[in-house]
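Structural overview
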Amino acid sequence: MSKQLTKAEEQIMQVLWDLQEASVKEVIDKLPEPKPAYNTVSTIIRILETKEFVDHKPVGRGFIYYPIIEKETYSNQSLHKLMNGYFDGSFKSMVSFFVKENKMDVEELESILKEVNKNKKS
């Protein structure tokens, strides 16, 4: 999976990841105001199908859509793209940037380190 999502596509995917499956109307109901038009959301979902992020099943006269790419898979791919594109593939450089720019405190950094160490042991 090397396809990137637009901001609008990602917003729709966030809803589908949260709901697991939904009609276009149910997706719209979960979006913030101002709500996009039904046709707009329907078109974006069809684009997501073309990009192979979403599939559908017929229900009555309509369709129910569901993600076929896991959120974690997409997040991981996006993070690697960010790291490679802006930090020369260096995780250390990326973390250093976020620590410096976001004024991360010691407790947050220690929490991250504990999580990393826990995952290494798994």
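Presented here is a report on the structure given in the accompanying data block. (Residues numbered from 1 in each chain as written. Predicted model: local features only at pLDDT ≥ 70, side-chain atom pairs only at ≥ 80, totals over all residues. Heavy atoms only, no water.)

Next up on the list: the overall build of the chain. Each helix and strand in the chain was counted, giving six helices and two strands. Counting from the amino terminus, the chain carries its helices and strands in the arrangement α-α-α-β-β-α-α-α. Expressed as lengths along the three principal axes of its C-alpha atoms, the size of the chain is roughly 55 × 35 × 25 Å. Taken over 122 residues, the chain has a buried fraction of 25%. Across the chain, every contact between residues at least 6 apart in sequence was considered, and the portion connecting residues at least 24 apart equals 47%. (Helix = DSSP H or I, 4+ residues; strand = E, 2+ residues; numbered from the N terminus. Buried < 20%, exposed > 50% of the residue type's maximum accessible area, 1.4 Å probe, protein only. Contact = heavy atoms within 4.5 Å.)

Next up on the list: the packing of aromatic side chains. The full count for this structure, using the stated rule, is six aromatic pairs. Where F87 meets F97, the ring centres are 5.4 Å apart and the plane angle is 50 degrees; that geometry is what we call tilted. Of this pair, F87 sits in the loop between α4 (71-86) and α5 (91-101) while F97 is found in helix α5, placing the two residues ten residues apart along the sequence. Between the aromatic rings of F97 and F98, the centroid separation amounts to 5.3 Å while the plane-to-plane angle is 80 degrees, which identifies the pairing as edge-to-face. In this structure an aromatic cluster arises from ring pairing among W17, F53 and Y74. (Phe/Tyr/Trp six-rings, centres within 6.5 Å; stacked < 30°, edge-to-face > 60°.)

Omega for the peptide link from E33 to P34 comes to -10 degrees, which places this bond in the cis form. Here P34 is to be found in the loop between α2 (24-30) and α3 (38-50). The residue Q20 is not glycine, and still its phi comes out positive at about 75 degrees. Among the structural elements, Q20 can be located in the loop between α1 (7-19) and α2. Here the phi dihedral of E52 falls at roughly 65 degrees; this positive angle occurs in a residue that is not glycine. For E52, a relative accessible area of 51% corresponds to the exposed category.

Taken together, the six bridges between strand β1 (residues 54-59) and strand β2 (residues 62-67) define a ladder with antiparallel strand orientation. Following the sheet pairing, V59 is matched in β2 by G62. Turn length for the β1-β2 hairpin, with the two strands adjacent in sequence and antiparallel, is two residues, and the turn residue G60 shows positive phi of about 60 degrees. (Pairing = 2+ DSSP bridges.)

This part takes up the packing of α1 against α3. Each packed pair of helices is defined by two parameters, the angle between the axes and the distance between the axes. Between α1 and α3, whose axes approach to 10 Å, the crossing angle comes to 90 degrees. Taken together, the axes of α1 and α3 lie roughly perpendicular to each other. Between α1 and α3, the residues in contact are A8, E9, I12 and M13 and V41, I44, I45, I47 and L48, respectively. For the contact of α1 with α3, the class distribution of residues is eight nonpolar, no polar and one charged. (Axes fitted to C-alpha atoms, helices over the stretch in contact; angles between N-to-C directions. Parallel < 35°, antiparallel > 145°, perpendicular 65-115°, else oblique. Nonpolar A, V, L, I, M, F, W, Y, C, P; charged D, E, K, R; others polar.)

Before going further, it helps to spend a moment on a negative patch on the surface. Taken together, the side chains of D105, E107, E108 and E110 make up a negatively charged region of the molecular surface. Mapped onto the elements of the fold, E107 is located in helix α6 (residues 106-121). Judged by its relative accessible area of 55%, E107 is exposed. (Patch = residues over 30% accessible without salt bridge, like charges linked within 9 Å, V, L, I, M, F, W, Y side chains within 5 Å. Areas by Shrake-Rupley, 256 points an atom, 1.4 Å probe, with all protein chains shown as cover. Salt bridge = Lys/Arg side-chain N within 4 Å of Asp/Glu carboxyl O. Lys, Arg positive; Asp, Glu negative; His and termini not counted. Charge placed at Lys NZ, Arg CZ, Asp CG, Glu CD.)

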